[in-house]
Amino acid sequence: MHTLKELAGFIDAKLVGNGGLEIAGIASVAAANGNQLSYVISKKYTKDLKSTQAGAVILHSDLLSDCPTNALVVADVHLAFAQISHYFKPKTTHFHGIHPSAKIGNSKIAENCVIGENVTIGDGCEIGANSTISAGVVIGNNTNFQPNVVVLENCKIGNNVTVAAGAVIGSEGFGNAKDSKGNWHSIAHLGSVEIGDNVSIGANTTIDRGTLEDTQIHSGVRLDNLIHIAHNVIIGENTAIAANTGIAGSTTLGKRCMIGGMVGIVGHLNICDDVIVNAKSTVDKDIKSAGNYTGIMPLMPHKQWQNIGIWLTKLDKITRYLNIKLKNLKD
Amino acid sequence: MHTLKELAGFIDAKLVGNGGLEIAGIASVAAANGNQLSYVISKKYTKDLKSTQAGAVILHSDLLSDCPTNALVVADVHLAFAQISHYFKPKTTHFHGIHPSAKIGNSKIAENCVIGENVTIGDGCEIGANSTISAGVVIGNNTNFQPNVVVLENCKIGNNVTVAAGAVIGSEGFGNAKDSKGNWHSIAHLGSVEIGDNVSIGANTTIDRGTLEDTQIHSGVRLDNLIHIAHNVIIGENTAIAANTGIAGSTTLGKRCMIGGMVGIVGHLNICDDVIVNAKSTVDKDIKSAGNYTGIMPLMPHKQWQNIGIWLTKLDKITRYLNIKLKNLKD
Amino acid sequence: MHTLKELAGFIDAKLVGNGGLEIAGIASVAAANGNQLSYVISKKYTKDLKSTQAGAVILHSDLLSDCPTNALVVADVHLAFAQISHYFKPKTTHFHGIHPSAKIGNSKIAENCVIGENVTIGDGCEIGANSTISAGVVIGNNTNFQPNVVVLENCKIGNNVTVAAGAVIGSEGFGNAKDSKGNWHSIAHLGSVEIGDNVSIGANTTIDRGTLEDTQIHSGVRLDNLIHIAHNVIIGENTAIAANTGIAGSTTLGKRCMIGGMVGIVGHLNICDDVIVNAKSTVDKDIKSAGNYTGIMPLMPHKQWQNIGIWLTKLDKITRYLNIKLKNLKD
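So, how was this worked out
Residues numbered from 1 in each chain as written. Chains lettered and ligands numbered in written order. Predicted model: local features only at pLDDT ≥ 70, side-chain atom pairs only at ≥ 80, totals over all residues. Heavy atoms only, no water. Helix = DSSP H or I, 4+ residues; strand = E, 2+ residues; numbered from the N terminus. Contact = heavy atoms within 4.5 Å. Lys, Arg positive; Asp, Glu negative; His and termini not counted. Charge placed at Lys NZ, Arg CZ, Asp CG, Glu CD. Least-squares fit on C-alpha atoms with pLDDT ≥ 70 in both. Domains from an automatic or database assignment. Buried area = accessible area lost by both parts, 1.4 Å probe. Salt bridge = Lys/Arg side-chain N within 4 Å of Asp/Glu carboxyl O. Polar contact = N/O pair within 3.5 Å; in protein donor to acceptor, adjacent residues only side chain to side chain. Nonpolar A, V, L, I, M, F, W, Y, C, P; charged D, E, K, R; others polar. Buried < 20%, exposed > 50% of the residue type's maximum accessible area, 1.4 Å probe, protein only. pLDDT = per-residue confidence, 0-100. Pairing = 2+ DSSP bridges. Arc of directions from axis to C-beta. Phe/Tyr/Trp six-rings, centres within 6.5 Å; stacked < 30°, edge-to-face > 60°. Axes fitted to C-alpha atoms, helices over the stretch in contact; angles between N-to-C directions. Disulfide = S-S within 2.5 Å. Expected span 1.5 Å × (residues − 1).

1. Focus: the overall build of chain A
So, point 1. Assigned secondary structure in chain A consists of 5 helices and 38 strands.
So, point 2. Along the three orthogonal principal directions, the C-alpha set of chain A runs to about 80 × 55 × 35 Å.
So, point 3. Sequence separation of at least 24 residues holds for 21% of the intrachain contacts in chain A that already meet a minimum separation of 6.
So, point 4. Seen as two clouds, the 27 positive and the 27 negative side-chain charges of chain A have centres 12 Å apart.

2. A look at the relation of the copies chain C and chain A
So, point 1. With an RMSD of 0.1 Å, the operation that places chain C on chain A is a rotation of 120 degrees combined with a shift of 0.0 Å along the axis. What we have between these two chains is a three-fold relation.

3. Focus on the domain arrangement of chain A
So, point 1. Partitioning chain A into structural domains gives domain 1 (2-88), domain 2 (103-293) and domain 3 (301-331).
So, point 2. The C-alpha-based centres of domain 2 of chain A and domain 3 of chain A are spaced at 45 Å.

4. What about the interface of chain A and chain B?
So, point 1. With 52 residues of chain A in contact, the opposing surface of chain B contributes 67 residues.
So, point 2. Note on chain A versus chain B: buried area summed over both sides is about 4700 Å², and carbon and sulfur give 62% of it.
So, point 3. Counting across the interface, chain A meets chain B through 0 salt bridges.
So, point 4. In this assembly, chain A and chain B are joined by 24 residue pairs in polar contact (both at pLDDT 80 or more).
So, point 5. Contributions of two or more residues to the side of chain A that touches chain B are made by strand 9 (108-109), strand 26 (222-223), strand 29 (240-241), strand 38 (300-301), helix 4 (302-312) and helix 5 (315-330) of chain A.
So, point 6. Of the residues that constitute the side of chain A that touches chain B, the class distribution is 27 nonpolar, 15 polar and 10 charged.

5. Points about the pattern of salt bridges
All names here are of chain A.
So, point 1. The tally for this structure, following the rule as stated, stands at 20 salt bridges over all chains.
So, point 2. Residue Asp66 pairs with Lys50 through a salt bridge whose shortest N-O separation is 4.0 Å. Taken together, the positions of Asp66 in the loop between strand 6 (56-59) and strand 7 (70-73) and Lys50 in helix 2 (residues 46-50) put the pair 16 residues apart, joining distant regions of the chain.
So, point 3. Across the salt bridge formed by Lys89 and Glu172, the nearest N and O atoms sit 2.4 Å from each other. Note that Lys89 is positioned in the loop between helix 3 (77-85) and strand 8 (103-104) and Glu172 in the loop between strand 19 (168-171) and strand 20 (176-178), a separation of 83 residues in sequence.
So, point 4. Given a relative accessible area of 24%, Lys89 falls into the partly exposed group.
So, point 5. Within this structure, Arg256, Asp273 and Asp274 form a network of salt bridges that share partners.

6. Concerning the confidence of the model for chain A
So, point 1. Scored by pLDDT, chain A comes out at a mean of 95, with 99% of its residues at no less than 70.
So, point 2. As scored by the predictor, the complex reaches a pTM of 0.96 and an ipTM of 0.96.

7. Notes on unusual backbone geometry
All names here are of chain B.
So, point 1. The phi torsion at Asn142 lies on the positive side, around 60 degrees, for a residue other than glycine.
So, point 2. Within the fold, Asn142 resides in the loop between strand 14 (138-139) and strand 15 (144-145).
So, point 3. For Asn142, a relative accessible area of 44% gives the class partly exposed.
So, point 4. Despite not being glycine, Asn160 shows a phi value in the positive range, around 55 degrees.
So, point 5. Residue position: Asn160 is located in the loop between strand 17 (156-157) and strand 18 (162-163).

8. Some remarks on the interface of chain C and chain A
So, point 1. Each partner contributes residues to the interface: chain C has 52 residues there, and chain A has 67 residues.
So, point 2. For the pair chain C and chain A, the summed buried area comes to about 4700 Å², and 62% of that belongs to carbon and sulfur atoms.
So, point 3. The interface formed by chain C and chain A contains 0 salt bridges.
So, point 4. Among the secondary structure elements, those contributing two or more residues to the side of chain C that touches chain A are strand 9 (108-109), strand 26 (222-223), strand 29 (240-241), strand 38 (300-301), helix 4 (302-312) and helix 5 (315-330) of chain C.
So, point 5. Considering each element in turn, the side of chain C that touches chain A owes the most residues, 8 residues, to helix 5 of chain C.
So, point 6. The residue inventory of the side of chain C that touches chain A, partitioned by class, reads 27 nonpolar, 15 polar and 10 charged.
So, point 7. Judged from the 2 bridges that link them, strand 37 (residues 291-294) of chain A and strand 38 of chain C form a sheet pairing that is antiparallel. Along strand 38 of chain C, the bridge assignment pairs A:Tyr293 with C:Pro301.

9. Examining helix 1 (residues 4-11) of chain A
Residues and elements named next belong to chain A.
So, point 1. All of the buried residues along helix 1 are Leu4, Leu7, Ala8 and Ile11. Taken around the axis of helix 1, the buried residues stretch over an arc of 105 degrees, which confines them to a single face. More than 90 degrees from the buried face of helix 1, the exposed residues found are Lys5 and Gly9.

10. Section: the sheet that holds strand 38 of chain C
Strand pairing within a sheet occurs via backbone hydrogen bonds; the two strands may be parallel or antiparallel.
So, point 1. Taken in spatial order, the 11 strands make up an open sheet running 9(A)-12(A)-15(A)-18(A)-23(A)-26(A)-29(A)-32(A)-35(A)-37(A)-38(C), and their pairing is mixed. Of all the strands in the sheet, the pair left with one neighbour each is strand 9 of chain A together with strand 38 of chain C.
So, point 2. As judged from the 2 bridges shared by strand 32 (residues 258-259) of chain A and strand 35 (residues 275-277) of chain A, these two strands associate in the parallel manner. Counted as the bridge partner of A:Met258 is A:Ile276 from strand 35 of chain A.

11. Considering the packing of aromatic side chains
Two numbers describe a pair of aromatic rings. These are the distance of the centres and the angle of the planes.
All names here are of chain A.
So, point 1. Using the criterion set out here, one finds 6 aromatic pairs over all chains in the structure.
So, point 2. Ring centres 3.9 Å apart and planes at 5 degrees place the aromatic pair Phe10 and Tyr87 in the stacked group. One end of the pair, Phe10, is in helix 1; the other, Tyr87, is in the loop between helix 3 and strand 8, with 77 residues separating them in the sequence.

12. Overview of the environment of C:Ser85
Residues and elements named next belong to chain C.
So, point 1. Along the chain, Ser85 turns up in helix 3 (residues 77-85).
So, point 2. Residue class for Ser85 comes out buried when judged on its relative accessible area of 0%.
So, point 3. Among all residues touching Ser85, those that are not within four sequence positions of it are Ile26, Ser186, Ile187, Ala188 and Leu190.
So, point 4. A distance of 2.7 Å separates a polar side-chain atom of Ser85 from the backbone oxygen of Ala82.

13. Points about the sheet that holds strand 4 (residues 25-26) of chain B
Residues and elements named next belong to chain B.
So, point 1. Taken together, the 5 strands give an open sheet; going across it, the order is 2-7-6-5-4, and neighbouring strands pair in mixed fashion. Edge positions in the sheet fall to strand 2 (14-16) and strand 4, since each has one partner strand and no second.
So, point 2. One ladder, built from 3 bridges, connects strand 2 with strand 7 (residues 70-73); its direction is antiparallel. In the strand pairing of strand 7, Leu15 is matched with Leu72.
So, point 3. Sheet strands touched by helix 3 (residues 77-85): strand 4, strand 5 (36-39), strand 6 (56-59) and strand 7. Its angle to strand 6, the strand with the most contacts, is close to 130 degrees.

14. What about the pairing of strand 5 of chain B?
Residues and elements named next belong to chain B.
So, point 1. Summarising the sheet, strand 4 and strand 5 pair through 2 bridges and their orientation is parallel. Within strand 5, the residue paired with Gly25 across the bridge is Gln36.
So, point 2. Two strands pair when backbone bridges link them, and strand 5 and strand 6 are joined in this way by 3 bridges, in the parallel orientation. Paired with Leu37 across the strands is Ala56, a residue of strand 6.

15. Description of the state of the cysteines
So, point 1. Per the counting criterion, the structure on display carries 0 disulfides over all chains.
So, point 2. No disulfide involves B:Cys125; its sulfur sits 12 Å from that of B:Cys113, the nearest cysteine.
So, point 3. You can call B:Cys125 buried: its relative accessible area is 2%.
So, point 4. Unpaired in terms of disulfides, C:Cys257 finds its nearest cysteine sulfur in C:Cys272, a separation of 6.6 Å.

16. Some words on the environment of C:Ser192
All names here are of chain C.
So, point 1. If you trace the backbone, Ser192 turns up in the loop between strand 21 (184-186) and strand 22 (193-195).
So, point 2. Its relative accessible area of 3% is what places Ser192 among the buried residues.
So, point 3. Each C-alpha atom, one on Ser192 and one on Arg209, is 4.4 Å from the other, the two residues being 17 residues apart in sequence.
So, point 4. Among the polar contacts listed, one links the side chain of Ser192 to the backbone oxygen of Asn154, at a separation of 3.3 Å.

17. Focus on helix 5 of chain A
Residue and element names in this part refer to chain A.
So, point 1. With 16 residues, helix 5 extends 23 Å between its outermost C-alpha atoms, agreeing within 8% with the 22 Å of an ideal straight helix rising 1.5 Å per residue.
So, point 2. Those residues of helix 5 that fall on the buried side of the exposure criterion are Leu315, Asp316, Ile318, Thr319, Leu322 and Leu326. Along the long axis of helix 5, the arc covered by the buried residues comes to 165 degrees, so they all point the same way. In this structure, helix 5 carries Lys327 and Asn328 as exposed residues pointing more than 90 degrees from its buried face.

Structure representation (structure tokens):
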């Protein structure tokens, strides 16, 4: 807990309002309550700002007149949010063995596991050797970890989940803000990862925690090896994703999708239910109709590829040129 | 060991034949012996079914008349196989230290390694810290593991092999069957991974075990970092594969191939000997001639790419349109 | 230390010069001093050879007359270098606990870490559980490792660095030489990895050590999850790279670049400052102007893609054909 005055000091903000207010956390401007701090990055969110229940909001002076609550006024809101996020990140304090506050049901914990404060593990689980389960993690029943799994603070994992060796759940999201000198400041990710029931997660796959809300892997999802799931991604029920695929931040996938191997899905997209994306394709826009999608260059002998390469980059010019020629001929 | 009657009960199958038969394992319909169960997924395999030596076969009623042995008749053979596979998966029972039954030659085992039942390790090996070697694994001589390596049950690794940190050998294959409600059921992978001599495996690379037979990495193969090798893949001698590449299930690569970085090779393909695939290409069909192959979009300034993008997706229409125009002009 | 005569014996080289010279290491022909061995792979380096300060040079007989120092004459220089490199690779001798020679400041080391000879760790660091830090590694102040991190011999990591779970720093580069029988020989990578200040490295990311010089990650760099950085790559200050990207050997990236997810950058390239490469693109040539680059196939319904696929591989023929038709019509 920090007072609003302290927080203003941490980020060099101009405090407008009640500096004595105790702030317990950060939430989005639409979701924050009276003990929470929020932030508004642009005028796009003016409507949410006007109706916010937040105890205070970090904002640019342009938006001050629309703020119905206490404000921390700064020149760069994104940077200020990045800097202040670290004050709300719980500190890991446990480093050895199984913390006495951990509640572990009738489950097997293999050698060299480190299990943090207030971890809960149900019955019938097996936790493989050399795994680390950090403070506040909750694991259901009959969930099985192979060796060398890492689950970071406060992640929630359901029942009948299998996590293969080397998987990392709850790593920090890749969110950074640049200061005026061009240096990056990491955003501390205060959300976690929530994994439903009957999920399987492949070897060396990584799932980042959310920025403020949780990254969500719904029940029945199948993730193969070496997949990257970024912060705030939501994956709908029974969607299956093959190896080496990456899904960038804040993208939502529907239910029953089948995503091929080494597919890249960029951030902030919505993919509807029952979408098939074939291996190696790039998804760079929303998909609003169920169906089967592809976008790859066909394989060909290297020499042939060299011949067509130049035309590939000039398709617009070729088309325009041929059209003009045709027109001229006609005239 | 389960009797055929028990197995029928597990998967709600109609038993045709000798329910008292003891089944020791599962094998393909062509390879199974009289103590093994097999399955036939479609009429494509009728010929194999007719000549099978299997003790029993899981099949659809359509194929029952072609079955020369005991049968478990079900509506969904793939799902039944997925469900029954788990009854033949050996249970890991060892979780602490080096099991007394492990036979370790004149080799160095670093701290915090967990080594399971009946593991065999030859002479001159070094096993890095925090590695886990599960039951039944066999490792030859002069093989070297960096720290945090995981080798799962029954995998076989030859002589003079190097395995870099974080690699996972023998993780479950990504095979799932869907039930009538759309829920996935994992297939328990009963094969293992067999790695020859003089192989090197890169950091955080993952190699999945086979479904019934073994995934095979032949002698002299070089695998870079963060590669995914799926179940039942076979990689021929002295083939070298660069980082981030993924090879999907049941694909066979020939000898002396050189596969560039971040190449994706889809499943069930045959790639012949002496093939070069350039970085980032997608291999989506068999390659039957040695040579150098490529399939990528050239890099260009983003604005140029935006201009050609629309034409790329309309190439067939452009070509047809220009041809018609030309024809009209001619007429 | 080996005498030149011993080294000649190891690789079956013809020794020309002082066989009693003690050789302490290997360096490039331009950088080597009188106690070091070097090698010249082709006539391209004749100028460097003529002015070398190396104690000895491995070379083909064609270049012997240009060699101003002792020589080891072989038929295959690349193979000879690969074989001899292993004689200069320091042997890991420490496998248990924290070596007494390690100097650790006021920092927290979690359970099951193995820390080697002459490791230096500054103040305010946290090293997560089950991490391994090999001999000679130097880590600055306020650097934070999540669990299961592996840092191999002699790597240098600055201040305020965060390394996420499962990352591997200092794995061997993917460098191999083929012998006359077609068998690969690994090159022992004698360089290390040097990481500046304020760097963040994502979960399960791998950074290979350099062949002779160091792989360099400059201050302020941000690396997301599952990234592969090959041997001798140099990444300039404040460059940010998203997940699943791979950068091949000896490529240099400038400052302040932003590389999207799953980008592949091939080896031996120079990418200038302030370059943006969009997700999934392939960089296969130098980039000499700052700006925004893309190279991907757009996503489309699979049927549409099947229709254009044939034209994609025949673009040169279509263009030529249409041009001839037009010309004929004109005539």
